[in-house]
Amino acid sequence: MPPSKSQDRLADIRARVARRAEQAAEPPPPSDTAPASPEPAPASEAALAAASAHFLGAAEQLAQGRAVVSLPLRDIAPDERPGMRQPRLLPRPEALIVDGAPAPAYAALVAELLALGQSLKERQIQPIIVYPGGSEARPEGRYHILVGHRRWTAANLVGLAAIDAVVVDPPDEATRVRLQYTENEAREEFSDMERAWTLVQMKRALGDAPWESVEAQFGLSRTRRHELIRLLAFSAEQQQQVALLRLQETQARPLHAGIRNGELSPPQVDLVLQRLAQIAAARAALATQTGGAATTQRRAGIDGPTVARLVARVQRTDPLGAAPASTPRWLPPLREQIMRATTGMRRAAARVEGLNGEDSAILLTDLGALIEGATALMQAMQLVSLDAASPPGALDELAGDDPGDGGAAG
Amino acid sequence: MQVYAVSLEKGGVGKTSIAVNLAAAFAQVNLRVLLIDLDAQCHASQWLGIPAGSLRPDESLLGVLQGRPLATCVRPTDEGVMVLPAHPAMAGLPALLVSQPNSGLFTLRKALDQSRGAEAPFDVVILDLAPARGPVQATALGAATRCIAPVQAEDLVLQSLKALVDSVEQAQQINPQLRGLSILRNRYMLRGSIDHAYDEALREEYAAQLLQTTVPVRAALRHAAGVQQSVFRYQGGDSSEVRSLFIDLVEELMRLDGVV
């Protein structure tokens, strides 16, 4: 059988390869001008730096050329000095496991961390990044964590004795915030509340710089920064809750909008957050039972409509929650009407020349009614404010504070 | 020694398939081929007959990083190519590379240079990469003489290609031996008008880098992959046509790189 076309071709290429090998085996012709195998010129410092910046992540760049060492867990602690604390919700290991069981409030978080701890037991893929330094709270800590709080916490929970780490120089505050943000930003479990904390920390780290500079640090739009900062309307405890629930800003909008508009009192917000925590816990428990992925790290069970529904319900069924200090519902619309009317009247003042007699008379009647209404309202308010400002006995107390009389009373 | 890095940050474009079949094709023309599996998922290693979990971490590139000579870590395969297999522990390779001088940019190149004087020198080295930017991609492009990117006519693939062009340009600044990027249309099939639009964009924007050889969708390629063989070992269906395509590719690359 004659050889096929493709076999011919293969034979041809093989022959060429063989010829080339023979040529290579022969000693090269003597040459004074060019070396046989010129060494490539070493890359410039600038090119190396550019390549590192291109290929390496922020944390990798920081760890460049530094050896990975195995450090005892007890020699490492989070940095808890003011301004140096990582802007994330991650309680201390001892707060997560109480009397050998996960603290109920952190059950879901503990489950995640235990899973991470198990995988660390098998193999630690990425070393954590630490810098030298002890703290008052933890004098035994010789290193503070820069990147890897979750892995350190997880290693503690599963009882690892040591962890792989890279030791770097202590970073300045802005570098620390930026690095921790870069490391966390891509992670699914990083929540908007934590982003808002990051922004506040960065603002302070930059010497209370204007928001524009803070936005530039993170490549955030003005709108997005505004949205995130709105989450600070929650009280400190509520912020912890929101972070624990990993509510995104859009999901939490009915809640923080209610606070900012004075339509929700702090106890009402607490009630809603409590209920959300129950829902999240129930979904997590269900997922554990069925072994399914019903909850992701974003807690998919809680969405914007759920929050909006709970907010509406608490406003309807729990008016008791509305503390006396909160703004009554009728006030904002009334104020808006007054402001609109005031602006309208100012504008009309320049245009009254053109009014005919009939229209003028009607308008005057209207204005009279307005003045009457305003006077009545002001009188009512003065009565109330007098009562509020001078509770019974208040004047007596004031008198008692007078040094002349005070001495006599003693 | 030609060093081909098969790379793209997007996954699922057929990097491992191209790496294995191209390695086998180079072996067909009697060149000494080494495939280095740089992906901790070990797919290329398994394809070349090395079962997952059958080796120690230091029998992979991790061993070379610890100072073992490359020649002692490579092993022969039924495909006629040598392989430096991967190990799942290579998930920690990025951190290890970063701790090396120059973030490990030249680590692989040095290992390959040292292998030249050893017993098993290679004519062609093929690097199979994971779909990610990072220190591993950096050390691969720091050692490569050419980067090959398998692509399909898809938006996400073209976006990834743009990123790879940047990466190759960066790497050329530190590796003057890197001749550039070659784009290989792999599993290429234009179905609708949108595919044609992407194809046109590819041909316009990357005319200079586009390889002439195109690997279409072929059952033989899928079947060969299914039984973990290269198309040169797999006997059946339209495998002879696909074999011929990979020989075309070998010829084209050898011509580009002035080998024969």
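Just so it is clear, the model here is predicted, and its values are computed rather than measured.

1. Some details on the overall build of chain A
At step 1: Helices and strands together make up the secondary structure of chain A, namely 18 helices and seven strands.
At step 2: Taking the intrachain contacts of chain A between residues at least 6 apart in sequence as the baseline, contacts between residues at least 24 apart amount to 72%.
At step 3: Roughly 24300 Å² of accessible area belongs to chain A as shown, and the carbon and sulfur atoms make up 57% of that amount.

2. Some thoughts on the packing of helix α2 (residues 45–55) of chain A against helix α8 (residues 155–174) of chain B
At step 1: Contact geometry of α2 of chain A with α8 of chain B gives a least axis separation of 8 Å together with a crossing angle of 150°. Judged by the angle between their axes, α2 of chain A and α8 of chain B are roughly antiparallel. Both α2 of chain A and α8 of chain B take part in a crossing whose hand is left-handed. Residues Ala47, Leu48, Ala50, Ala51, His54 and Phe55 of chain A of α2 of chain A lie in contact with α8 of chain B, whose contacting residues are Asp166, Ser167, Gln170, Ala171, Gln173 and Ile174 of chain B.
At step 2: Its residues assigned to classes, the contact of α2 of chain A with α8 of chain B comprises seven nonpolar, four polar and one charged.

3. Digging into the nonpolar core
Note on soluble globular proteins: their nonpolar side chains tend to be buried together.
At step 1: Counting residues in each nonpolar core, the largest one holds 71 residues, and the members touching the most others are Ile36, Leu38, Leu84, Leu127, Leu161 and Leu181 of chain B.
At step 2: Here this core takes eight residues from α8 of chain B, the largest share from any one element.
At step 3: In this structure Leu161 of chain B touches Leu8, Ala149, Val151, Leu181, Ile183, Leu202 and Tyr206 of chain B, once residues within four positions along its chain are discounted.
At step 4: Among the nonpolar cores identified, the runner-up in size contains 55 residues, and Leu90, Leu255, Leu273 and Ile279 of chain A belong to it.

4. Re a positive patch on the surface
All names here are of chain A.
At step 1: Taken together, the side chains of Arg275, Arg283, Arg309, Arg313 and Arg316 make up a positively charged region of the molecular surface.
At step 2: Residue assignment for the positive patch shows that the elements contributing at least two residues are α13 (266–290) and α14 (304–317).
At step 3: Looking at the positive patch element by element, the count peaks at three residues for α14.
At step 4: Topologically, Arg275 is positioned in helix α13.
At step 5: In this structure Arg275 comes out as partly exposed when scored by relative accessible area, which is 36%.

5. Focus on the confidence of the model for chain A
At step 1: Residues at a pLDDT of 70 or more form 81% of chain A, whose mean pLDDT is 81.
At step 2: Across residues 31–38 of chain A the pLDDT falls below 50, and counting only partners more than four positions away or on other chains, this stretch makes zero contacts in the model.

6. Observations concerning unusual backbone geometry
At step 1: In the Ramachandran plot, Asp99 of chain A falls in the positive-phi region, its phi being about 50° despite a non-glycine side chain.
At step 2: Relative to the helices and strands, Asp99 of chain A is located in the loop between β3 (97–98) and β4 (101–102).
At step 3: A positive phi angle, near 55°, is found at Ser103 of chain B, a position not held by glycine.
At step 4: Among the secondary structure elements, Ser103 of chain B is positioned in the loop between α5 (93–98) and α6 (107–116).
At step 5: Residue classification places Ser103 of chain B among the buried positions, given a relative accessible area of 3%.

7. Remarks on the interface of chain A and chain B
At step 1: Taken together, the contacts link 27 residues of chain A with 41 residues of chain B.
At step 2: Interface area, chain A with chain B, both sides summed: about 2800 Å², of which 65% is carbon and sulfur.
At step 3: By the criterion of area lost to chain B, the three top residues of chain A are Arg9, His54 and Phe55 of chain A, representing 24% of everything that side buries.
At step 4: At the surface where chain A touches chain B, the tally comes to four salt bridges.
At step 5: Where chain A packs against chain B, one counts nine residue pairs in polar contact (both at pLDDT 80 or more).
At step 6: Mapped by element, the contributors of at least two residues to the side of chain A that touches chain B are α1 (5–25), α2 and α3 (58–63) of chain A.
At step 7: Split by residue class, the side of chain A that touches chain B holds 16 nonpolar, four polar and seven charged.

8. Comments concerning helix α10 (residues 222–229) of chain A
At step 1: The complete set of buried residues in α10 of chain A reads Arg225, Glu227, Leu228 and Ile229 of chain A.
At step 2: Taken together, the buried residues of α10 of chain A touch α8 (192–205), α9 (211–218) and α12 (249–260) of chain A.

9. What to know about the sheet that holds strand β2 (residues 33–37) of chain B
All names here are of chain B.
At step 1: With respect to topology, eight strands assemble into an open sheet ordered β3-β4-β2-β5-β1-β6-β7-β8, the strand pairing being mixed. Two strands lie at the open edges of the sheet, namely β3 (75–76) and β8 (210–216), each paired on one side alone.
At step 2: Sheet analysis places strand β7 (residues 181–188) next to β8, joined by three bridges and oriented parallel. Among the inter-strand pairings, Ile183 is bridged to a residue of β8, identified as Leu210.
At step 3: Of the strands in this sheet, β1 (2–6), β2, β5 (124–128), β6 (146–151), β7 and β8 are in contact with helix α1 (residues 15–28), which crosses β5 at around 170°.

10. Comments concerning the pattern of salt bridges
At step 1: Scanning the model with the defined rule gives 38 salt bridges over all chains in all.
At step 2: Ionic pairing is found between Arg9 of chain A and Asp248 of chain B, a salt bridge with its closest N-O pair at 2.6 Å. One end of the pair, Arg9 of chain A, is in helix α1; the other, Asp248 of chain B, is in helix α11 (residues 239–256), on a second chain.
At step 3: On the accessibility criterion, Arg9 of chain A (22% relative accessible area) is partly exposed.
At step 4: Of the charged contacts in the structure, one is a salt bridge between Arg74 of chain A and Asp75 of chain A, with a shortest N-O distance of 3.6 Å.

11. Notes on the sheet that holds strand β2 (residues 76–77) of chain A
Residues and elements named next belong to chain A.
At step 1: The sheet built from five strands is open, its strands ordered β1-β7-β5-β6-β2 with mixed pairing. Whereas interior strands pair on both sides, the edge strands pair on one side only; in this sheet they are β1 (68–72) and β2.
At step 2: Here β1 runs beside strand β7 (residues 162–167); their pairing, made up of five bridges, is antiparallel. Within β7, the position partnered with Val68 by the bridge is Val166.
At step 3: Where helix α7 (residues 173–185) meets the sheet, its contacts fall on β5 (128–132) and β6 (143–147), and the angle it forms with β6 comes to roughly 55°.

12. Let's talk about a nonpolar patch on the surface
All names here are of chain A.
At step 1: Together, Val352, Leu355 and Leu363 make up a nonpolar patch on the protein surface, roughly 220 Å² of accessible area in all.
At step 2: With respect to the helices and strands, Leu363 occurs in helix α16 (residues 357–389).
At step 3: Take Leu363: its relative accessible area is 35%, and that puts it in the partly exposed class.

13. Quick word on the pairing of β1 of chain B
Residue and element names in this part refer to chain B.
At step 1: The element β1 is extensively covered by neighbouring structure, given that five of its five residues are classed as buried.
At step 2: Residues Gln2, Tyr4 and Val6 point to one face of β1 and Val3 and Ala5 to the other, with burial holding for every one of them.
At step 3: Across five bridges, the pairing between β1 and β5 is parallel. The residue bridging Val3 from the neighbouring strand is Val125, located in β5.
At step 4: Where β1 meets β6, three bridges bridge the pair, whose relative direction is parallel. Paired with Ala5 across the two strands is Cys147, which belongs to β6.

What counts as what
- Residues numbered from 1 in each chain as written.
- Chains lettered and ligands numbered in written order.
- Predicted model: local features only at pLDDT ≥ 70, side-chain atom pairs only at ≥ 80, totals over all residues.
- Heavy atoms only, no water.
- Helix = DSSP H or I, 4+ residues; strand = E, 2+ residues; numbered from the N terminus.
- Contact = heavy atoms within 4.5 Å.
- Areas by Shrake-Rupley, 256 points an atom, 1.4 Å probe, with all protein chains shown as cover.
- Axes fitted to C-alpha atoms, helices over the stretch in contact; angles between N-to-C directions.
- Parallel < 35°, antiparallel > 145°, perpendicular 65-115°, else oblique.
- Left-handed = near helix turned anticlockwise from the far one by under 90°.
- Nonpolar A, V, L, I, M, F, W, Y, C, P; charged D, E, K, R; others polar.
- Core = buried A, V, L, I, M, F, W, Y, C linked by side-chain atoms within 4.5 Å.
- Buried < 20%, exposed > 50% of the residue type's maximum accessible area, 1.4 Å probe, protein only.
- Patch = residues over 30% accessible without salt bridge, like charges linked within 9 Å, V, L, I, M, F, W, Y side chains within 5 Å.
- Salt bridge = Lys/Arg side-chain N within 4 Å of Asp/Glu carboxyl O.
- Lys, Arg positive; Asp, Glu negative; His and termini not counted.
- Charge placed at Lys NZ, Arg CZ, Asp CG, Glu CD.
- pLDDT = per-residue confidence, 0-100.
- Buried area = accessible area lost by both parts, 1.4 Å probe.
- Polar contact = N/O pair within 3.5 Å; in protein donor to acceptor, adjacent residues only side chain to side chain.
- Pairing = 2+ DSSP bridges.

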